[in-house]
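# Descriptive structure summary
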Amino acid sequence: MMDPLNLAGSAIILLLGTAALALFLGRKQRLLLVAGFVLSAVASLSATIAGVRVVGWSTTSQAIMSIGLPDLPFHLRLDPLAGFFITVVGILSFVVSIYSIGYVREISKQRPIGRLVIFYALFLAGMFMVIIADDALFFLVSWELMAAASYFLVLFEDERVENRRAAFLYMVVAHVGALAILLSFGVMSGLATGFEGFHGYTFDAMRQAEFPAVWATAAFLLAFFGFAAKAGVIPLHVWLPEAHPVAPSNISALMSGVMLKTAIYGIVRVTFDLIGVFPWWWGSIVLVFGLISAVMGVLYALMQHDLKRLLAYHSVENIGIILIGIGLSMIFRSFDFPLLSSLALIAGLYHTLNHAIFKGLLFMGAGAVLHASHERNMEEMGGLIHFMPWTAALFLVGSVSIAGLPPFNGFVSEWLTFQAFLLSPSLPSPLMKLLIPLGAALLALTAALAAACFVKAFGVTFLGHWRGHHQPHVQEVDWFMRSGMIMAALLCLALGVLPTVIIDWMDTVPEQLVGSRIGTTAGAFGWMWLTPVAPARASYSGPLVFLVTLSVIVIAYLLLHVRSGSITRVPLWDCGFEKVTPRMQYTATAFAMPIRRIFGFFFHIREQVKMNPQAPHRTVPGRMQYTLRIRDRFWGWLYRPLVDASFWLSRRVGRLQQGRIQAYLIYSFVTIIVLLLFLR
Amino acid sequence: MNLYPFMTEILQIMIVLGISPAFVGWVRMLKCWSQGRTSAGVFQPYRDIRKLFAKNVVLAENASWVFRFTPYLVFGTTVLAGGIIPMLSVDLPLSATADVIVLVALFAIARFFIALAGMDIGTAFGGMGSSREMTIASLAEPAMLMAIFTLSLACRSTSLSQIVTVIFSGQIQLRPYLAFAFLAFVLISLAETGRIPVDNPATHLELTMVHEAMILEYSGRHLALIEWAGMMKLMLFMALGAVLFFPWGIDVTSTAAGALRAFLFLLLKLGASGVVLVLIETGLAKMRLFRLTEFLGSAFLLATLGMLAYYILD
Amino acid sequence: MMDLQIVSQISSFLAALVLLTAFGMLVQKRVYGLIHLFAWQGLFLSLNTAVVGFVANKHHLYISSVLTLSLKVVLLPYILHVLINRLKIRKEVETVVNIPMTMMIGIALVIFSYHLTAPIRQLSTLITRSTLAVALATVMLGLLMMITRRHAVTQIIGFLALENGLFFAATSATYGMPLVVELGVALDVLIAAFIFGIFFFHIHTTFDTLDVEQMAKLKEEN
């Protein structure tokens with residue numbers, strides 16, 4: 001058997017090789033398509049195997065590669081934390097690669113796909129490299145590779161202005177974030193070995209160093225800001241709803257499903273591993289931003305009518321839920337409750353895995369819908385379940401999972417997060433005891449709103465009648481796409497029904513980071529029952545919920561069909577009104593209206609009703625026109641002032657631009673003089 | 001292997017299936033009396049259900065499998081919930097399957113699918129009902145969680161059997177936080193089971209329906225299953241309130257006599273909760289949809305006050 | 001001692017009820033409902049005072065309990081009733097901030113007062129020390145009510161609720177103020193109520209309403 005690190009390394013080399021190969025196969029599109037994605041799938045699968053083994057065996061392997069800058073070799077390391085994230089990235093990449101064979105084939109009928117395949121492979125390689133990097137230099141190089149590759153993927157259909165704009169926004173936010181991460185690593189490496197040498201750049205040096213509290217805080221805040229920008233934590237989320245809808249759907253699935261998770265990885269790595277010791281309020285910062293992202297994310301998602309934008313906002317929400325788990329874990333850890341800390345960490349990481357799978361599934365489903373109906377606006381869709389039964393059923397599985405309903409996977413991690421919340425009374429600080437439960441209430445609100453949102457998303461898209469003006473020519477997607485989605489759906493079910501197995505497997509991660517494991521207590525009652533702390537405290541049995549419900553359904557069905565009662569299909573009852581049209585169905589806008597009104601404060605709403613003045617009489621209204629614009633308040637609160645300020649600044653700086661050579665020479669001259677003066 | 005818990009479990013599920021229509025009949029009868037009408041008797045719901053089972057299904061042309069699957073799923077999750085709540089005995093094999101949060105989630109999955117079924121036919125009513133139902137549910141959920149939080153603070157558990165055991169054992173007497181949690185639970189139950197003032201179970205008026213709007217297109221055995229599940233849900237919420245806050249009479253000894261006594265107590269408690277329910281419903285008018293934020297906000301407030309009272313006053 | 005424990009439980013239960021009525025007043029829209037809630041709060045307060053008097057064996061607390069009962073449960077609500085009947089106010093009271101928001105602010109205030117009184121809880125040895133947070137919260141909720149409402153009558157009730165909170169704080173922090181002080185305060189409240197009544201008539205005759213927003217008209221135009 002190969003060493004896991006070698007296996008992961010060869011997966012990365014295979015991906016880089018795929019990218020190189022794709023350069024030469026530009027002419028042979030079909031071969032390029034199959035070879036590119038099959039090789040990516042193989043690489044992802046081998047990386048997954050490596051990750052699963054590292055986590056399962058709790059091994060740590062390290063390597064040093066003397067490429068890169070002279071005297072600054074790249075360090076690689078695969079420990080359980082990295083292994084877990086490698087697994088997360090690997091599983092979804094494998095599934096999405098298979099889906100992509102079908103999905104990209106459709107694209108290839110319209111445009112060359114060489115660029116897509118190259119950057120796809122580079123993107124995957126970049127994500128794997130970020131996770132196995134063990135020094136700041138390699139980490140940042142990989143981070144930039146990942147960001148650049150995803151930028152080009154977002155820009156794939158670059159003839160449209162909105163795509164270029166979205167990609168640009170993404171690039172700006174990603175780089176502001178990367179800068180903060182760079183500074184954070186700079187602070188840590190400088191403090192690790194002093195500012196004279198460069199040898200503090202390895203993570204090992206940072207791990208061993210003890211940072212003064214102020215500088216540790218600075219490093220944490222910078223890193224949190226940088227990773228939050230990548231993860232789409234509110235208020236740094238603005239790029240997500242722009243970039244995800246315009247990227248090809250397989251890319252959105254990967255970006256939303258796993259690329260955001262590399263930022264989670266970064267947060268966990270920096271706080272738990274590199275800095276190691278932290279005060280409780282770091283945890284509460286993470287927790288508060290998690291809560292804000294969760295609630296606001298789902299509220300904004302409810303207002304979206306573009307299926308992919310909706311899903312993008314749900315990524316904000318789910319990143320929030322993950323951060324809630326991690327923040328709680330940090331709080332518990334700083335008050336020295338290793339068991340509770342590991343429970344909360346497991347909750348956060350489990351949700352990371354779950355979100356990767358179901359969000360991947362949902363984006364793949366959205367891609368299938370998009371590709372079949374050529375429509376992104378939900379208000380024009382409807383009734384797709386009749387044309388695309390497979391996609392509909394699979395999208396439903398994803399919806400149930402993300403809505404946090406048993407027996408699927410989203411529920412398990414949310415339940416674990418609730419359990420972590422419910423254990424907060426053991427904290428010593430009285431104020432925390434009172435405030436943390438309110439966070440639990442917010443999480444409950446989030447879960448319920450997510451359910452409402454997916455009733456809307458699934459109901460409006462797949463159920464009812466087709467709302468569009470022209471008749472749809474919609475067909476079910478091909479088997480490659482279907483099998484990708486089927487695998488993801490089965491994973492959703494498996495992760496939901498067998499949580500004890502999964503937790504037993506991933507238990508080595510909290511053991512590595514907080515020094516405690518919950519696997520022994522979580523499975524204490526048998527593998528069927530998940531009992532996070534103790535059986536008397538709380539228990540959940542995924543298999544039993546699934547099996548009992550299923551058996552009751554089967555029994556009821558069989559009993560009722562002994563006497564073969566007939567089903568008569570009739571036209572819709574129209575209440576005596578003869579012209580019932582599909583346009584009379586409840587729309588997505590209408591569905592979200594009560595919630596829009598109740599939580600109106602969070603949105604920037606502009607609602608207008610225009611009556612046609614040419615109506616024959618006041619009592620007989622003519623055409624009515626209703627317009628509704630809902631915008632993210634954060635644009636007005638945060639970004640607009642920033643943009644204005646930067647324009648103002650650039651205009652000031654722009655005065656330096658004289659256009660005369662002599663002026664520029666004077667600038668350089670003055671600079672040199674000043675430098676010489678100060679740096680004697 | 002001790003078979004007794006399994007017997008109790010089966011017995012309890014049978015009881016839930018069997019007496020829930022009678023409970024609804026009892027509530028309707030009381031309501032008729034309180035409004036000076038003649039009632040159809042306690043057993044009318046049984047006749048309704050039987051008749052519906054015998055009828056053929058009339059299905060709209062574009063109803064998909066989601067529409068046909070929903071009644072079975074709703075029925076299935078409700079029966080499972082009936083097996084989880086410790087009504088007769090605290091020693092039930094299924095009670096370890098789920099704690100309170102899972103129980104809430106089981107009802108949530110039923111609601112999710114009913115809401116989808118409401119959208120499946122493509123009428124304006126169905127969508128309207130779904131939209132309202134999900135809105136109400138999302139406002140009720142935080143309040144529910146706070147009530148659970150308060151209970152779990154007191155009992156150090158979210159497991160139903162454990163909560164019942166702790167409260168039953170009398171370690172907790174006159175405690176303000178339990179009273180707050182109970183009041184919050186009453187308000188939430190009214191919202192979850194679609195009773196006045198949140199929803200009117202007897203109305204078919206377009207603008208006020210919530211639950212009825214979603215199931216408007218159901219007929220025959222599908223409707224029977226949904227109605228039956230709805231009756232069970234009402235009874236389960238009443239029984240949940242009864243066992244969590246007034247667990248007297250529940251069987252902790254695991255004997256047949258104990259189970260019988262528990263059954264009689266359960267009947268008494270259900271009868272009493274029916275009276276309370278009818279008093280509330282007769283005394284209040286249905287609220288406008290947007291007044292419900294205040295109603296459910298009060299539920300949240302009460303539950304939170306319960307949590308605060310636990311810390312401040314104990 | 002068992003006896004004492006039950007009594008202290010009753011005391012904390014009554015404290016909880018006082019808090020509940022305070023919140024009830026915060027969200028109640030109707031004037032009559034408000035007055036009833038205010039009367040209930042006075043009743044719980046007076047019962048609590050009696051219980052504390054029993055526990056602490058301070059007999060003057062019985063007197064202040066009776067005083068509270070007669071003043072805040074009977075007399076003041078009666079005066080307010082009469083006032084409302086005379087002025088023919090029957091409409092719903094308008095609120096400035098919406099009700100769920102007010103509730104959230106109220107919860108935050110309770111948490112805040114718990115946080116504030118936490119050091120006192122540590123130091124004090126009285127069995128009523130835990131109700132101090134409730135008392136402080138009642139004061140704050142009364143003030144919040146005065147801020148969020150725009151109707152003169154509700155503002156008065158807010159003021160009286162605030163006074164209830166102060167009285168409660170005195171009982172729970174130090175087993176009550178000296179009797180002389182309490183008598184003086186009671187008299188003050190009574191006189192204040194009469195003065196308010198007179199002002200109501202004046203406001204009502206001047207503006208034809210008791211909406212205090214109208215008073216903004218008194219400001220000089222600029």
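The structure we're discussing is the one just above.
Residues numbered from 1 in each chain as written. Chains lettered and ligands numbered in written order. Predicted model: local features only at pLDDT ≥ 70, side-chain atom pairs only at ≥ 80, totals over all residues. Heavy atoms only, no water.

### Description of the packing of helix α3 (residues 60-87) of chain C against helix α7 (residues 179-207) of chain C
Residue and element names in this part refer to chain C.
- Where α3 contacts α7, the axes come no closer than 11 Å and their chain directions differ by 5 degrees. By the angle class used here, α3 and α7 are roughly parallel. Between α3 and α7, the contacting residues are His60, Ile63, Ser64, Leu67, Leu71, Leu75, Leu76, Ile79, Leu83, Arg86 and Leu87 on the first element and Leu179, Glu182, Leu183, Ala186, Val189, Leu190, Ala193, Phe194, Gly197, Phe200, Phe201 and His204 on the second. (Axes fitted to C-alpha atoms, helices over the stretch in contact; angles between N-to-C directions. Helix = DSSP H or I, 4+ residues; strand = E, 2+ residues; numbered from the N terminus. Parallel < 35°, antiparallel > 145°, perpendicular 65-115°, else oblique. Contact = heavy atoms within 4.5 Å.)

### Thoughts on the pattern of salt bridges
- If you walk through the whole model with that rule in mind, you get 24 salt bridges over all chains.
- With its nearest N and O atoms 3.7 Å apart, the salt bridge here joins B:Glu294 to C:Lys29. Of this pair, B:Glu294 sits in helix α11 (residues 292-313) while C:Lys29 sits in the loop between α1 (2-27) and α2 (31-56), which puts the two residues in different chains.
- Across the pair C:Lys72 and C:Glu163 runs a salt bridge whose closest N-O atoms are separated by 2.7 Å. Of this pair, C:Lys72 sits in helix α3 while C:Glu163 sits in helix α6 (residues 152-174); the two residues are 91 residues apart in sequence, bridging distant segments of the chain. (Salt bridge = Lys/Arg side-chain N within 4 Å of Asp/Glu carboxyl O.)

### Overview of the interface of chain A and chain B
- The partner chain B presents 76 residues to the 77 residues of chain A that form the contact.
- Buried surface at the junction of chain A and chain B, both sides included, amounts to about 6600 Å², of which 73% is carbon and sulfur.
- Connecting chain A to chain B are 25 residue pairs in polar contact (both at pLDDT 80 or more).
- If you list the elements that add at least two residues to the side of chain A that touches chain B, you get α14 (384-387), α15 (389-402), α16 (409-422), α17 (430-462), α22 (542-562), β3 (567-570) and α23 (588-598) of chain A.
- By residue number, the principal contributor to the side of chain A that touches chain B is α17(A), which donates 17 residues.
- In terms of strand pairing, β3(A) meets strand β1 (residues 57-60) of chain B through four bridges, oriented parallel. Its bridge partner lying in β1(B), A:Val570 is registered against B:Ala60. (Buried area = accessible area lost by both parts, 1.4 Å probe. Polar contact = N/O pair within 3.5 Å; in protein donor to acceptor, adjacent residues only side chain to side chain. Pairing = 2+ DSSP bridges.)

### Remarks on the layout of surface pockets
- Computed from the structure, the largest pocket encloses a volume of approximately 1400 Å³.
- Contributing to the lining of the largest pocket are 40 residues, with A:Phe599, A:Phe602, C:Pro100, C:Met101 and C:Met104 lying nearest its centre.
- For the lining of the largest pocket, the class distribution of residues is 29 nonpolar, six polar and five charged. (1 Å grid on protein atoms, 1.4 Å probe; cavity = no way out; pocket = protein on both sides within 12 Å on 5 of 7 lines; lining within 4 Å. Points joined across faces, edges and corners; volume = space filled by probe spheres on them. Nonpolar A, V, L, I, M, F, W, Y, C, P; charged D, E, K, R; others polar.)

### Brief notes about the packing of helix α7 (residues 176-192) of chain B against helix α9 (residues 220-245) of chain B
Residues and elements named next belong to chain B.
- Where α7 contacts α9, the two axes come as close as 10 Å, and the packing angle between them is 175 degrees. It follows that α7 is roughly antiparallel to α9 by the angle criterion. Of the residues in α9, those touching α7 at Leu178, Ala181, Phe182, Phe185, Ser189 and Glu192 are Lys233, Phe237, Leu240, Gly241 and Phe245.
- Grouping the amino acids of the contact of α7 with α9 by side-chain chemistry returns seven nonpolar, two polar and two charged.

### Some remarks on the environment of A:Met127
Residue and element names in this part refer to chain A.
- Inspection of the secondary structure puts Met127 in helix α4 (residues 114-132).
- C-alpha of Met127 to C-alpha of Ser142: the two residues are 15 residues apart in sequence and 7.2 Å apart in space.
- For Met127, the residues in contact, after removing those within four places along its chain, are Val89, Met146, Val258, Met259 and Thr262.

### Points about the packing of aromatic side chains
Residue and element names in this part refer to chain A.
- Following the criterion strictly, the structure yields 53 aromatic pairs over all chains and no others.
- Ring centres 4.5 Å apart and planes at 25 degrees place the aromatic pair Phe74 and Phe138 in the stacked group. Pair noted here: Phe74 is in strand β2 (residues 74-78) and Phe138 is in helix α5 (residues 136-154), with a separation of 64 residues, a long-range link. As far as burial versus exposure is concerned, Phe74 and Phe138 are alike and both buried.
- Joined through ring pairs, the aromatic side chains of Phe220, Phe224, Phe272, Phe278, Trp281, Trp282 and Phe289 make up one cluster.
- Its end group placed over the ring of Trp143, Lys230 keeps NZ or CZ at 5.5 Å from the ring centre.
- A cation over a ring is seen here: Arg482 above Trp479, with NZ or CZ 4.1 Å from the ring centre. (Phe/Tyr/Trp six-rings, centres within 6.5 Å; stacked < 30°, edge-to-face > 60°. Buried < 20%, exposed > 50% of the residue type's maximum accessible area, 1.4 Å probe, protein only. Lys NZ or Arg CZ within 6 Å of the ring centre and 35° of its normal.)

### Re unusual backbone geometry
- Cis rather than trans, the peptide bond between A:Pro406 and A:Pro407 has omega equal to 0 degrees.
- Structurally, the position occupied by A:Pro407 is in the loop between α15 and α16.
- Of note, the bond from B:Ile196 into B:Pro197 is cis; its omega dihedral lies within 30 degrees of zero at 10 degrees.
- Counting through the fold element by element, B:Pro197 comes out in the loop between α7 and α8 (211-214).
- The backbone of A:His374 sits at a positive phi, close to 50 degrees, despite the residue not being glycine.
- With respect to the element layout, A:His374 can be found in the loop between α13 (338-373) and α14.
- Of note, the phi angle at B:Arg156 is positive, near 55 degrees, even though the residue is not glycine.
- Within the secondary structure, B:Arg156 is located in the loop between α5 (124-155) and α6 (160-168).

### A short note on the nonpolar core
- Among the nonpolar cores identified, the biggest contains 435 residues, and A:Phe84, A:Phe139, A:Phe185, A:Trp239, A:Leu416, B:Phe75 and B:Phe112 are the most heavily contacted of them.
- It is α13(A) that provides the largest number of residues to this core, a total of 20 residues.
- Among the nonpolar cores identified, the runner-up in size contains five residues, and C:Val52, C:Leu61, C:Leu126 and C:Tyr175 belong to it. (Core = buried A, V, L, I, M, F, W, Y, C linked by side-chain atoms within 4.5 Å.)

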